[in-house]
Amino acid sequence: MTQPLLTVDRLAVEFDTDEGVVRAVDDLSFSVAPGETLGIVGESGCGKSVTALSIMRLLPQPMGSIAGGSISFQGQNLAGLSIEQMQKIRGASIGMVFQEPMTALNPVKPIGKQLIESLLLHTDMDVPQAIRRAIEMLDHVGIPSPDIRMGEYPHQLSGGMRQRVVIAMALICSPALLIADEPTTALDVTIQAQILELIKKLQAEMDMAVILITHDLGVIAETCDTVAVMYAGRMAESGTVFDIFDRPEHPYTQGLLDSIPRLDLPGKQRLNTIRGMVPGLLDLPPGCRFENRCPHRVARCATDVPGIETVSGLHKVSCFNRQPQAAGDERAGR
Amino acid sequence: MSGASAEKLLEIRDLKMHFPVREGILLRAAKFNKAVDGVSLDIAPGETLGLVGESGCGKSTLGRCIVNLYRPMSGDIFFEGQEISRLKNRDVLPYRQNIQMIFQDPMESLNGRQTIGDILEEPLVIHKIGNSTSRKQRVRELLDIVGMPARSVSRFPFEFSGGQRQRIGIARAIALNPKLLVCDEPVSALDVSIQSQILNLLVDLQKEFNLSYLFIAHDLAVVKHISDRIAIMYLGRIVETGDSETIHLNSRHPYTRSLLSAIPVPDPHNKKQRIVLEGDVPSPIDPPQGCLFHPRCSFRQDRCKSQSPSLRMRNEAPSHQFACHFDLEFSKQA
């Protein structure tokens, strides 16, 4: 196996709130190989965005902090870097795309100015060179007449176009890793399809690793090589995309997959649901965090925290009462 | 006005809702945003009609015209054979009782300063139903129907999660025993596991109270799950309607096809060929000439640029209508 590009090991992230210290991410480990796409999937509040912000060292200050674990990227532990050292990495070797392109762009600066900023900061290009490179990049992400667009402001572009600009900005220094946090959630389906195709195309051309954070299992199935399913700040299950969709063993993963309405199933039937709701981060149960909603819980789930067990290869599950699928029960092909 | 058939609960005829776009110093309405531009639809008792389209296609405006929040520019809305869109304010009240609405964001549609008990009692007070005791009784009954504990009455909306708030929104909508519910993106703000709980609740309520739904959403998989029939809207017009299964397997309009193919499928084995649409949705202020879809359509021919196709029936299936000059047979999806 190739050397991983990014390895997150036992990461813990804490927030200091008025009501006490909240552990938003706990004991989280995963790695991404060069050129690979890792999907992080989970519901709101599961810690997937906090994980991305921790890697970028962009946790809200002073409340948020990395309380334990390491994030090693190209031989450096990002968790221990100074602000200046981190600035050399952000935008240069790790790019990031956010959910809402309007808030990621500066509304009072032409997009060209915003695009060349990171080139001037991270490379020794002069302004004319940077402008040429920015026009090239806009053309590359499919923006028509890029030289004219360089002088326009974000509000003059449509939502899909803006997200293309944000992607161009994240990729302009050819980073080794792109972190995309819900990059298509604010977009319409037909535009979502365009943006996902674009990310896939650029990834192949630039041999870049991608961490795609989303709540949409459909997006995960279509774009990712490996998947991490998070629940209430912890890893529930991880593995290849086929492990997760064909052979899930964690009751939460199974519940999630069963609760999506699908086009190919007859309508108006009751969907399987996961009863109840996610516990608040301030009053987490002492044992497994899924215990109160789990249909397969056993006595020790309420008291002990399950460790992470390897099923086979990359497939790992954190559960005391794993639910292997019966042979021949091809979930994805139902 | 005659011609409205009695067996239809709701019948919409050639409805138009144009919003003036005011410009210049004198704020003259030089242009119009043609949000709804000649829509005809009907809903039978106990039926769910799904209305799908991308942002800005006019689907919410149409919903708001039906519940009388907007007064349409022209066209008719018949409810049980009676025209309701031009009624005087005091005559509207009885129809409000029969047509209720569920909104996307339950935090914005519930008054944060009212207790849940007051929120649920308010429609009964406005419509002068029962006395204080019987109304309190009805509130408890409503909470039970939507699966909320009776002690919720004295609590405030902020104390509940998104899914619970949506249940409260649904309880308020059914308080007056309406016949038709207009659901505007009722599950798109919710997490997957909560979304399936709400969809199940809507299906159960429909069976129990013989409700009709107009289910407005952008997610075709969700709409197909809950609807008997589906209407696809593009730039203020209906481009295709038919049974859910017909739309899924046999749709004739290229836009419907591309919407279907744009949905990410939660199955990593499914590597379908995707029709990726070019460009963005044009502005409804300045819609294209001829067929509204032709700038993005890969099947366009010369006549599409000048002639606007009207909805026509498919010979083999009269309930299936589509607005395209051609009868394109698409190969069925795997």
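Residues numbered from 1 in each chain as written. Chains lettered and ligands numbered in written order. Predicted model: local features only at pLDDT ≥ 70, side-chain atom pairs only at ≥ 80, totals over all residues.

**Student:** Even after reading the chapter, I still don't get the overall build of chain B, so can you show me in this structure?
**Tutor:** Check the secondary structure of chain B and you find 11 helices and 12 strands. Across the 334 residues of chain B, 46% fall into the buried class. Restricting the contact set of chain B to residue pairs at least 6 apart, pairs at least 24 apart contribute 64%. (Helix = DSSP H or I, 4+ residues; strand = E, 2+ residues; numbered from the N terminus. Buried ≥ 20, exposed ≤ 12 C-beta atoms within 10 Å, placed from the backbone. Contact = placed C-beta atoms within 7 Å.)

**Student:** What is the right way to read the overall build of chain A from this model?
**Tutor:** Secondary structure assignment for chain A yields 11 helices and 12 strands. Here chain A has a C-alpha radius of gyration of 21 Å; the compact-globule value for 334 residues is 20 Å, and the two agree. Oriented by its inertia axes, the alpha-carbon framework of chain A measures out at about 65 × 50 × 40 Å. When each of the 334 residues of chain A is scored for burial, the buried share is 46%. Here the analysis covers contacts within chain A between residues at least 6 apart in sequence; of these, 64% occur between residues at least 24 apart. (Rg over C-alpha atoms; globule rule 2.2 N^0.38 Å.)

**Student:** What's the story with the interface of chain B and chain A in this structure? I'm lost.
**Tutor:** It is common to report an interface's size as the accessible area lost on association of the parts. The partner chain A presents 40 residues to the 36 residues of chain B that form the contact. A breakdown of the residues in the side of chain B that touches chain A according to their chemical character gives 16 nonpolar, 14 polar and six charged. (Nonpolar A, V, L, I, M, F, W, Y, C, P; charged D, E, K, R; others polar.)

**Student:** Explain the packing of helix α4 (residues 111–122) of chain A against helix α5 (residues 127–140) of chain A to me, please; I cannot follow it from the model alone.
**Tutor:** Helix-helix packing: each pair is described by the crossing angle between the helix axes and the interaxial distance. Residue and element names in this part refer to chain A. In the contact formed by α4 and α5, the axes pass within 9 Å of each other and the chain directions differ by 120°. The chirality of how α4 crosses α5 is right-handed. Contacts from Gly112, Leu115, Ile116, Leu119 and Leu120 in α4 reach Val127, Ala130, Ile131, Arg133, Ala134 and Met137 in α5. Of the residues that constitute the contact of α4 with α5, the class distribution is nine nonpolar, one polar and one charged. (Axes fitted to C-alpha atoms, helices over the stretch in contact; angles between N-to-C directions. Left-handed = near helix turned anticlockwise from the far one by under 90°.)

**Student:** I keep staring at the sheet that holds strand β2 (residues 28–43) of chain B and nothing clicks. Help me out?
**Tutor:** Two pairing modes exist for strands in a sheet, parallel and antiparallel, and in both the strands are linked by backbone hydrogen bonds. Residues and elements named next belong to chain B. Ordered in space as β2-β1-β4-β5, the four strands form an open sheet in which the pairing is antiparallel. Two strands in the sheet have a free side with no partner beyond their single neighbour: β2 and β5 (82–83). Contacting β1 (10–23), β2 and β4 (74–79), helix α1 (residues 59–66) runs over the sheet at an angle of about 70° to β2. (Pairing = 2+ DSSP bridges.)

**Student:** What exactly am I supposed to notice about helix α4 (residues 116–126) of chain B here?
**Tutor:** Given 3.6 residues to a turn, an α-helix orients residues that are three or four positions apart in the same direction. All names here are of chain B. When we look at burial in α4, the residues that qualify are Ile116, Ile119, Leu120, Glu121, Pro123 and Leu124. Packing partners of the buried residues in α4 comprise α5 (132–145) and α6 (162–174). Backbone geometry just downstream of α4 places Lys128 in the positive-phi region, at approximately 50°.

**Student:** Would you mind going over the environment of Ile66 of chain A with me for this structure?
**Tutor:** Residue and element names in this part refer to chain A. Along the chain, Ile66 turns up in strand β4 (residues 64–73). For Ile66, a count of 19 C-beta atoms within 10 Å translates into the label partly exposed. Residues Ile66 and Gly80, 14 residues apart in the sequence, show an inter-C-alpha distance of 9.5 Å. Sequence-distant contacts of Ile66, that is, excluding residues within four places in its chain, are made with Leu11, Val13, Ser54 and Ala79.

**Student:** Please explain the packing of α6 of chain B against helix α7 (residues 192–209) of chain B as it appears in this structure.
**Tutor:** Residues and elements named next belong to chain B. Remark: α6 packs on α7, axes separated minimally by 10 Å, with the N-to-C direction vectors making an angle of 20°. One way to sum up the angle between α6 and α7 is to call them roughly parallel. Both α6 and α7 take part in a crossing whose hand is right-handed. The residues of α7 that touch α6, namely those facing Gly162, Gly163, Gln166, Arg167, Ile170 and Ile174, are Ile194, Gln197, Ile198, Leu201, Leu205 and Phe209. (Parallel < 35°, antiparallel > 145°, perpendicular 65-115°, else oblique.)

**Student:** Looking at this structure, I do not really get α7 of chain B. What am I missing?
**Tutor:** Helix length check: α7 of chain B (18 residues) gives 26 Å between terminal C-alpha atoms against 26 Å at 1.5 Å per residue, within 8%. All of the buried residues in α7 of chain B are Val192, Ser193, Ile194, Gln195, Ser196, Gln197, Ile198 and Leu199 of chain B. Looking at the buried side of α7 of chain B, the elements it contacts are α11 (251–258) of chain A together with α6 and α8 (220–226) of chain B. (Expected span 1.5 Å × (residues − 1).)

**Student:** Any chance you could explain the nonpolar core here in plain terms?
**Tutor:** Note on soluble globular proteins: their nonpolar side chains tend to be buried together. Formed by 181 residues in total, the largest nonpolar core has its most connected members in Ala168 and Leu177 of chain A together with Leu214, Phe215 and Ile232 of chain B. Not counting residues within four places of it along the chain, the set of residues in contact with Ile232 of chain B comprises Val52, Gly53, Ile238, Val239, Glu240, His253, Tyr255, Thr256 and Leu259 of chain B. (Core = buried A, V, L, I, M, F, W, Y, C linked by C-beta atoms within 7 Å.)

**Student:** For this particular structure, what's the right way to read the sheet that holds β4 of chain A?
**Tutor:** Residue and element names in this part refer to chain A. Taken in spatial order, the four strands line up as β2-β1-β4-β5 in an open sheet, and their pairing is antiparallel. This sheet does not close on itself; its edge strands, each paired only once, are β2 (20–32) and β5 (76–77). Where strand β1 (residues 6–17) and β2 come together, nine bridges link them in antiparallel fashion. The residue of β2 that forms the bridge with Leu6 is Val32.

**Student:** Can you help me understand the pairing of strand β8 (residues 209–214) of chain A in this one?
**Tutor:** Side-chain direction in a regular strand flips from residue to residue, so the side chains alternate between the two faces of the sheet. Residues and elements named next belong to chain A. Among the six residues of β8, six are classified as buried, and the element is accordingly described as predominantly covered. Because side chains alternate across β8, one face comprises the buried residues Ala209, Ile211 and Ile213, and the other comprises Val210, Leu212 and Thr214, equally buried. Relative to β8, strand β7 (residues 177–181) runs parallel, the two sharing five bridges. The partner of Leu178 across the bridge, within β8, is Val210.

**Student:** I keep staring at unusual backbone geometry and nothing clicks. Help me out?
**Tutor:** Peptide bonds are mostly trans, and most non-glycine residues show a negative phi. A cis amide bond links Gln61 of chain A with the next residue in sequence, Pro62 of chain A, at an omega value of 0°. Structurally, Pro62 of chain A can be placed in the loop between α1 (48–55) and β4. Even without being glycine, Ser145 of chain A reaches a positive phi, approximately 35°. Turning to its location among the elements, Ser145 of chain A is positioned in the loop between α5 and α6 (146–149). In the Ramachandran plot, Asn177 of chain B falls in the positive-phi region, its phi being about 50° despite a non-glycine side chain.

**Student:** Can you help me understand the confidence of the model for chain B in this one?
**Tutor:** Low pLDDT means the predicted coordinates in that region are not meant to be read closely. Put simply, chain B has an average pLDDT of 89, and 97% of its residues get 70 or more. We note a pTM of 0.88 for the whole complex and an ipTM of 0.82 for its interfaces. (pLDDT = per-residue confidence, 0-100.)

**Student:** What's the story with the pairing of β2 of chain B in this structure? I'm lost.
**Tutor:** Residues and elements named next belong to chain B. Strand direction decides the pairing type here: β1 and β2, joined by 12 bridges, are antiparallel. Paired with Met17 across the bridge in β2 is Val36. Hairpin connection of β1 to β2: four residues between the antiparallel strands, including Gly24 at a positive phi of 75°.

**Student:** In this structure, what is going on with the environment of Gly80 of chain A? I would like to understand it.
**Tutor:** Mapping Gly80 of chain A onto the fold places it in the loop between β5 and α2 (83–89). Between the C-alpha atom of Gly80 of chain A and that of Thr273 of chain A, which follows or precedes it by 193 residues, the distance is 42 Å.

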